[in-house]
Amino acid sequence: QVQLVESGGGLVQAGGSLRLSCAASGRIFSIGDMGWYRQAPGKQRELVAVTTSGGSTNYADSVKGRFTISRDNAKNTVYLQMNSLKPEDTAVYYCNADLKLRVLPRFENYWGQGTQVTVSS
């Protein structure tokens, strides 16, 4: 069974930092893009940051210069370092990844269960 398991969320004061982790497990042959999305109450889910298998990255304008996405391909893990957090960063953060399983010839998209990040003012 394939899983994306997130960790690292929590409560932090404005200006603080958090580091999210997401580990992919299961019969995985290859991993493509890995990214983080977030969804605040009453709002649509939005892209925060994404990294390709080649290491390219892309960020939402609202987090540029504050958040850094990285990945460890040996551990099938993607990270999101969040600095200078603001109350408007409060949301449930979801890990997303394109995974090619050993029994399938194509990439399929998977989501983690989400982790809550709350930034107090």
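For the structure itself, look to the data block above.
On a predicted model such as this, the values are computed, not experimentally measured, just so you know.

Throughout the structure, instances matching the rule amount to one disulfide. Disulfide partner of Cys 22: Cys 95, at an S-S distance of 2.1 Å. Judged by the torsion about the S-S bond (-80 degrees), the Cys 22/Cys 95 disulfide is left-handed. You can see Cys 22 sitting in strand 3 (residues 18-25) and its partner Cys 95 sitting in strand 9 (residues 91-101), a full 73 residues away along the chain. You'll find Cys 22 and Cys 95 in the same group, each marked buried.

We now examine the sheet that holds strand 7 (residues 67-72). The antiparallel open sheet is built from four strands, whose spatial order is 1-3-8-7. Only two strands of the sheet have a single neighbouring strand rather than two, namely strand 1 (3-7) and strand 7. If you compare each strand with its neighbour and ignore which way they point, the axes differ by 15 degrees on average.

Attention now goes to the side chain of Arg 38. Mapped onto the elements, Arg 38 comes out in strand 4 (residues 28-39). Engagement of the side chain of Arg 38 in a polar contact is seen with the side chain of Glu 46, the distance being 2.7 Å. Within the structure, Arg 38 has its side chain in polar contact with the side chain of Tyr 93 (distance 2.9 Å).

What counts, and at which threshold
- Within each chain, residue numbers correspond to sequence positions counted from 1 in written order.
- Totals for whole chains, interfaces and linings use every residue, but because this is a predicted model, local features are given only for residues with pLDDT of at least 70 and side-chain atom pairs only at 80 or more, for both listing and counting.
- Only hydrogens and water are set aside; all other atoms, that is, all heavy atoms of the structure, feed into the side-chain values.
- The disulfide definition used here is simple: a pair of cysteine sulfur atoms within 2.5 Å.
- The numbering of helices and of strands both runs from the N terminus, where a helix is a DSSP run of H or I of at least 4 residues and a strand a run of E of at least 2.
- The buried label goes to any residue with under 20% of its type's maximum accessible area, the exposed label to any with over 50%, and the partly exposed label to all in between, with areas taken from a 1.4 Å probe on protein chains only.
- Any two strands with at least two DSSP bridges between them are considered paired.
- Axis definition: a line fitted to C-alpha atoms, over the contacting stretch in the case of helices. Angles run 0 to 180 degrees between N-to-C directions.
- Identification of polar contacts relies on pairs of N or O atoms within 3.5 Å, with a donor-acceptor requirement for protein atoms, meaning one able to donate a hydrogen and the other able to accept it, and with residues adjacent in sequence counted only if both atoms are side-chain atoms.

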